[in-house]
Amino acid sequence: MFSRNSRPILRSTTLRLTALYSCIFICSALVLFLLAYSLLSGAVREGDRVAMAQKLREYVSVSQKKGLSGLLDFLRLERENIDVEEYLLRVTGPDGATLFSQAPEDAAPLPETLPLAPGPSVQWTFMPGPDPDGGLVEIGCRALPGGGSVAIGKDASEREGLLARFRVIFAGIMLPVALLGLAAGFVLARRVLTPLKDLIDTVRAIDTGRMDARVPEVGAGDELSELARLFNAMLDKIRTLITGMREALDNVAHDLRTPATRTLAAVEMAVASTNDPAALREA
């Protein structure tokens, strides 16, 4: 009745449940990483952008109050009295010409052309560093009230390198996480399907004639345990019915055997006592 050949591996419920549980586990780990990376990168980048945006607001405010020439005087005075050499700075006039440029001693100034359109709000971008050694520079640019623009940049190589190492570390741990997810998914799938496997084994045992076979009841109290209990109760009822049928058949056979035996004995006695055809016919 039931074939003992296992189903194709790609169609097995164990494989499908393992894939489902593993996918949920791996996707959850991926979502957690992306969330953590987003929060970390946002916090790290926001710290630098807040300081740069504050400087841009200050420069725009000076330009609005004192004009473009007043801003240039302010920048020269700031360069002489305040240590601001960690920033790359460039101020352009309404005609796009560079009016002021500043860079740390070991860095090249900002390029003349930026992939930004200065506006009333700060525009952000990343560019390869102007130094021959490369690197990465984050640049913020904003338009000045009287025309022109001011752009400020900061070396972001160390910060972005830290984030890159974080991505590499995550990529390195994703493989063991995936293997752990597969193992956990397989264990969960086998645990969920164990009652069904016991049910199949019990039906196969009954098919071979073992009417006393029963499904093991785990006692977890879930739907599968209830199914096992109901199935065993059904088997008990079937066994009771079969036993009753056998007893009834034994009684019928006994009732039929007694008159048949008497009739056979009467015939044998008649055959042994006479050879008269009429008597034998009557017997």
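Before going into details, it helps to say that this report is about the structure given with it. (Residues numbered from 1 in each chain as written. Predicted model: local features only at pLDDT ≥ 70, side-chain atom pairs only at ≥ 80, totals over all residues. Heavy atoms only, no water.)

1. Quick word on the environment of P195
(1) Moving on: Tracing the chain through its elements places P195 in helix α2 (residues 157–207).
(2) Moving on: Sequence spacing of P195 and E217 is 22 residues, and the spatial spacing of their C-alpha atoms is 8.2 Å. (Helix = DSSP H or I, 4+ residues; strand = E, 2+ residues; numbered from the N terminus.)

2. Description of helix α3 (residues 223–273)
Because an α-helix completes one turn every 3.6 residues, residues spaced three or four positions apart along the sequence face the same direction.
(1) Moving on: The end-to-end C-alpha distance of α3 is 75 Å, a good match for the 75 Å that 51 residues give at a rise of 1.5 Å each.
(2) Moving on: All of the buried residues in α3 are S225, A228, F231, N232, L235 and A270.
(3) Moving on: On its buried side, α3 packs onto α2 and α4 (277–282). (Expected span 1.5 Å × (residues − 1). Buried < 20%, exposed > 50% of the residue type's maximum accessible area, 1.4 Å probe, protein only. Contact = heavy atoms within 4.5 Å.)

3. Examining α2
(1) Moving on: For α2, spanning 51 residues, the distance from its first C-alpha to its last is 72 Å, which sits close to the expected 75 Å at 1.5 Å a residue.
(2) Moving on: Its maximal kink placed at T194, α2 deviates by approximately 45°, while the proline P195 follows within four residues.
(3) Moving on: Residue G209 follows α2 closely and has a positive phi angle near 110°. (Bend = angle between axes of the 7 residues up to and from the residue.)

4. Side note on a negative patch on the surface
(1) Moving on: Among the surface-exposed residues, E105, D106, D155 and E158 lie close enough to one another that they form a single negatively charged patch.
(2) Moving on: Along the polypeptide, D155 turns up in strand β5 (residues 149–155).
(3) Moving on: Residue classification places D155 among the exposed residues on the basis of a relative accessible area of 52%. (Patch = residues over 30% accessible without salt bridge, like charges linked within 9 Å, V, L, I, M, F, W, Y side chains within 5 Å. Areas by Shrake-Rupley, 256 points an atom, 1.4 Å probe, with all protein chains shown as cover. Salt bridge = Lys/Arg side-chain N within 4 Å of Asp/Glu carboxyl O. Lys, Arg positive; Asp, Glu negative; His and termini not counted. Charge placed at Lys NZ, Arg CZ, Asp CG, Glu CD.)

5. Considering the nonpolar core
(1) Moving on: Residues L71, L75, L89, V91 and V150 are the most contacted members of the largest nonpolar core, which totals 15 residues.
(2) Moving on: Residue assignment for this core shows that the elements contributing at least two residues are α1 (13–81), β1 (88–92) and β5.
(3) Moving on: When residues in this core are grouped by element, the largest group, eight residues, is from α1. (Core = buried A, V, L, I, M, F, W, Y, C linked by side-chain atoms within 4.5 Å.)

6. A look at the packing of α1 against α2
(1) Moving on: Where α1 meets α2, the axes come as close as 7 Å, and the angle between the chain directions of the two elements is 160°. With respect to α2, the axis of α1 lies roughly antiparallel. The hand of the α1/α2 crossing is right-handed.
(2) Moving on: Tallied by class, the residues present in the contact of α1 with α2 amount to 23 nonpolar, seven polar and six charged. (Axes fitted to C-alpha atoms, helices over the stretch in contact; angles between N-to-C directions. Parallel < 35°, antiparallel > 145°, perpendicular 65-115°, else oblique. Left-handed = near helix turned anticlockwise from the far one by under 90°. Nonpolar A, V, L, I, M, F, W, Y, C, P; charged D, E, K, R; others polar.)

7. Digging into the pairing of β1
(1) Moving on: Of all five residues in β1, five are buried, a share of seventy percent or more.
(2) Moving on: Of the two faces of β1, the one holding L88, R90 and T92 and the one holding L89 and V91 are both buried throughout.
(3) Moving on: As paired elements, β1 and β5 share five bridges and run antiparallel to each other. Counterpart to V91 in the pairing with β5 is V150.
(4) Moving on: The pairing of β1 with strand β2 (residues 98–102) spans four bridges and is classified as antiparallel. If you follow T92 over to β2, its bridge partner there is T98.
(5) Moving on: Hairpin connection between β1 and β2: a loop of five residues separates the two successive antiparallel strands, and G96 in this loop has a positive phi of roughly 90°. (Pairing = 2+ DSSP bridges.)

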